[in-house]
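The chain contents come next:
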Amino acid sequence: CKASLNTDHTSHGKHDLSVHGLSEMVVGVLGGGQLGRMLCQAASQMAIKVMVLDPSENCPASALAYHHMVGSFDDSSTVEEFAKRCGVLTVEIEHVDAETLERLEKQGVDCQPKASTIRIIQDKYLQKVHFSQNDIPLPKFMQINDLEGAKKAANLFGYPLMIKSKRLAYDGRGNAVARSEEELSSAISALGGFSHGLYVEKWAPFVKELAVIVARGRDNSIVCYPVVETIHRENICHIVKAPADVPWKIRTLATDVAYKAVSSLQGAGVFAVELFLTGDGQVLLNEVAPRPHNSGHHTIESCYTSQFEQHLRAVVGLPLGDPSMKTPSAIMYNLLGEEEGEPGFILAHQLIARALGISGATAHWYDKPEMRKQRKMGHITIVGPSMGVVEARLKSMLNEEGSDKL
Ligand code: ATP
Ligand code: MG
Ligand code: MG
């Protein structure tokens, strides 16, 4: 621990800056991955102290946090102990123990966003039920409990059929596609069977995937970032283009859907709304994350207020910042692990070295202790005067690696 911590129980919920001053503010973050790390970076410029709770001793946020408590964000007594030391509690991952957060809230712990929001979002099926009850457009969905149920759902929704785990999903790891009835049981087994809870979604015939970061302050003020296009490869976010190249009408519709979705949830912070744009101009909600998100990394260089600064402003109770872009165009390129171990590190570092020779490019390295295939190891953002110029800069950065990466 680098300084004395506020262990006063009665400080929970005190976010009145006039009383405490910004330098007293300790934000506790459940999770110490790259999002936690980038929150620490933003906090250091704002006289906010970030404490993280993460089981891994050398997690990405560890080196930059005011304090890193080594422990599980899934363990009730650990979270309770951690919460005692923070003025406000927030998350960089939704797979935390929501029941504990609900109990702590009742004891006066200040959770932002609210535990009810985490509970709804961490179960993707519950999330879908919530949003459909709030009239948010989304692909049709249905819970499945056995193979017969899956067949019935497929008869209604057709193939390909998207089968999803209700919980603990990220980077497409809880998704499996069945292209025909024969593939149903293997897709279900690939997700570990029915014991952990599955549901199905009707295939969304999207022409583009879009995303909107929405921030809500403690006073319920809401601001929306520009709509971006996200390009996934094997279910993992690969490239983000800001702003999205879509007609004004679609930008407005996407922003409206995102605004409405976030308005139906409780608490302060930034939220990422993932959307599908269909060929006939519909915008459907895919899912919401109650935290900063990969689709908002470009904001560090391209917007007046980064999503990380905005999240801290929101949870602490500062005024929200301007979400608009200060550069005409930006592209974010994820550095995904290509090889296990040392060869993977060498490839990533070569790409970073090339990025540093490109005008408008900024590299971000998450300092993860281990390199694994398809793991998010860092990202590069390129800004510029137009999407054409930024795309050309990305191409030249990737050139020696082959243009198949675009
Ligand atoms: P994340 O890392 O964003 O949390 P996740 O594991 O929760 O991902 P989803 O967002 O549900 O996974 O899906 C991952 C990707 O799979 C989507 O971005 C989209 O490309 C595709 N996908 C998801 N649902 C559907 C659907 N109903 N129809 C077609 N494609 C879909
Ligand atoms: Mg998800
Ligand atoms: Mg997703």
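Where an unreviewed UniProt entry is consulted, the protein appears under the name phosphoribosylaminoimidazole carboxylase, with the organism given as Rubroshorea leprosula. Listed in UniProt under the heading Sequence similarities (unreviewed entry), the comment for the protein reads: "In the C-terminal section; belongs to the AIR carboxylase family. Class I subfamily." Comment text from UniProt for the protein, heading Catalytic activity (unreviewed entry), reads "5-amino-1-(5-phospho-D-ribosyl)imidazole-4-carboxylate + H(+) = 5-amino-1-(5-phospho-beta-D-ribosyl)imidazole + CO2".

**Student:** It is not clear to me how the site of ligand 1 should be interpreted in this structure. Could you clarify?
**Tutor:** What surrounds ligand 1 is a group of 19 residues, the closest being Met162, Ala169, Gly172, Glu201 and Ala204. Taken together, the residues of the shell around ligand 1 break down into six nonpolar, six polar and seven charged.

**Student:** I would appreciate a short explanation of the sheet that holds strand β4 (residues 88–91) in the present structure.
**Tutor:** Backbone hydrogen bonds are what pair the strands of a sheet, in a parallel or an antiparallel way. Reading across from one edge, β3-β2-β1-β4 is the order of the four strands in this open sheet, with parallel pairing throughout. Each edge of the sheet is formed by a strand with only one pairing partner; in this case those strands are β3 (67–70) and β4. Adjacent strand axes in the sheet meet at a mean angle of 25 degrees when their direction is disregarded. By the bridge criterion, five bridges tie strand β1 (residues 26–30) to strand β2 (residues 49–54) in an arrangement that is parallel. Residue pairing for β2: Leu30 is matched across the bridge by Leu53. Contacts between helix α2 (residues 34–44) and the sheet are confined to β1 and β2, with β2 contributing the most and set at about 165 degrees to the helix.

**Student:** Would you take a moment to explain the nonpolar core for this structure?
**Tutor:** Most often, soluble globular proteins have nonpolar side chains that are buried together. In this structure, Val27, Leu39, Val50, Val273 and Leu275 are the most contacted members of the largest nonpolar core, which totals 98 residues. At seven residues, strand β13 (residues 269–278) tops the list of elements feeding residues into this core. Beyond its immediate chain neighbours, meaning those up to four positions away, Val27 contacts Ala43, Ile48, Val50, Cys86, Gly87, Val88, Thr90, Leu312, Val315 and Val316. Judged by nonpolar contacts, the second largest core, of 16 residues, contains Ala153, Leu161, Leu184 and Tyr199.

**Student:** What should I look at first to understand α2 in this one?
**Tutor:** An α-helix turns once every 3.6 residues. As a result, residues three or four positions apart point the same way. Counted residue by residue, α2 has nine buried out of 11 residues, so it is predominantly covered. Here α2 has its buried residues at Gln34, Leu35, Gly36, Arg37, Met38, Leu39, Cys40, Ala42 and Ala43. In this structure, the buried residues of α2 make contact with β1, β2, α11 (307–316) and β17 (376–384).

**Student:** I'm lost on the environment of Ser186 in this one. Help?
**Tutor:** Mapped onto the secondary structure, Ser186 falls in helix α8 (residues 184–190). A count of 10 C-beta atoms within 10 Å places Ser186 in the exposed class. Separated by 10 residues in sequence, Ser186 and Ala176 have C-alpha atoms that sit 9.1 Å apart.

**Student:** Explanation requested: the sheet that holds strand β5 (residues 141–144) in the structure shown.
**Tutor:** Taken in spatial order, the four strands line up as β5-β8-β6-β7 in an open sheet, and their pairing is antiparallel. The open sheet has two free edges, formed respectively by β5 and β7 (175–178), since each of these has just one partner strand. Pairwise comparison of adjacent strand axes, ignoring direction, gives a mean angle of 30 degrees for this sheet. In the sheet, strand β6 (residues 161–165) pairs with β7 via four bridges, with the strands oriented antiparallel.

**Student:** Before we go on, may I ask you to explain helix α9 (residues 248–263) in this structure?
**Tutor:** Taking 1.5 Å of rise per residue, 16 residues should cover 22 Å, and α9 covers 22 Å from first to last C-alpha, within 8% of that figure. All buried positions along α9 are accounted for by Leu253, Ala254, Thr255, Val257, Ala258, Ala261 and Val262. Those residues of α9 that are buried are in contact with α6 (124–133), β9 (206–216), β10 (222–224), β13 and β14 (283–289).

**Student:** Is there a simple way to explain the UniProt feature "domain: ATP-grasp" (unreviewed entry) in the protein in this structure?
**Tutor:** On the UniProt side, "domain: ATP-grasp" (unreviewed entry) is annotated at positions that read residues 128–316 here. From the first C-alpha to the last, residues 128–316 spans 29 Å; its make-up is 29% helix and 33% strand.

**Student:** It is not clear to me how unusual backbone geometry should be interpreted in this structure. Could you clarify?
**Tutor:** Negative phi is the rule for most residues except glycine; trans is the rule for most peptide bonds. In the segment running from Gln112 into Pro113, the intervening peptide bond is cis, with an omega of -5 degrees. Position of Pro113 among the secondary structure elements: in the loop between α4 (98–106) and α5 (115–122). Cis peptide bonds are those with omega within 30 degrees of zero, and the linkage from Ala242 to Pro243 qualifies with -5 degrees. Along the chain, Pro243 falls in the loop between β12 (236–242) and α9.

**Student:** Just to check I follow, could you spell out the packing of α4 against α5 for this structure?
**Tutor:** A packed helix pair is summarised by two numbers, namely the angle formed by the two axes and the spacing between the axes. Orientation of α4 relative to α5, taken along the N-to-C sense of each, is 165 degrees, at an axis distance of 8 Å. Viewed along their axes, α4 and α5 adopt a mutual orientation that is roughly antiparallel. The two elements α4 and α5 cross, and the hand of that crossing is left-handed. Residue-level contacts link Ala98, Leu101, Glu102 and Glu105 of α4 to Ala115, Ile118, Arg119 and Gln122 of α5. Tallied by class, residues from the contact of α4 with α5 come to four nonpolar, one polar and three charged.

Calculation notes
- Each chain carries its own residue numbering, running from 1 in the direction its sequence is written.
- Chain labels run from A onward and ligand labels from 1 onward, assigned in the order the entries are written.
- Restriction of local features to residues with pLDDT of at least 70 applies here, the model being predicted, together with a cutoff of 80 or more for giving and counting side-chain atom pairs; totals for whole chains, interfaces and linings are based on all residues.
- UniProt positions are given in the numbering used here, feature names are shortened, and annotations may be inferred rather than shown by experiment.
- Here is the check we use: build the C-beta atom from the backbone, and if it is within 6 Å of the molecule or strand, call the residue near.
- In this classification, Asp, Glu, Lys and Arg are treated as charged, Ala, Val, Leu, Ile, Met, Phe, Trp, Tyr, Cys and Pro as nonpolar, and every other residue, Gly included, as polar.
- Two strands make a pair as long as DSSP finds a minimum of two bridges between them.
- A helix here means a DSSP run of H or I that spans at least four residues, while a strand means a run of E at least two residues long, and both kinds are numbered starting from the N terminus.
- Axis definition: a line fit to C-alpha positions, over the contact stretch in the case of helices; interaxial angles, taken between N-to-C directions, run 0 to 180 degrees.
- Remark: residues whose backbone-derived C-beta atoms lie within 7 Å of one another are considered to be in contact.
- For the purposes of this analysis, a nonpolar core is taken to be any set of buried Ala, Val, Leu, Ile, Met, Phe, Trp, Tyr and Cys residues that are connected through C-beta atoms within 7 Å.
- Exposed residues have 12 or fewer other C-beta atoms within 10 Å of their own C-beta, buried residues have 20 or more, and residues in between are partly exposed; the C-beta atoms are placed from the backbone.
- A helix is expected to span 1.5 Å multiplied by its residue count minus one.
- Roughly parallel means an angle under 35 degrees; roughly antiparallel, over 145; roughly perpendicular, 65 to 115; everything else is oblique.
- Crossing handedness: left-handed means the near helix sits turned counterclockwise from the far one by under a right angle, and right-handed means the same turn made clockwise.

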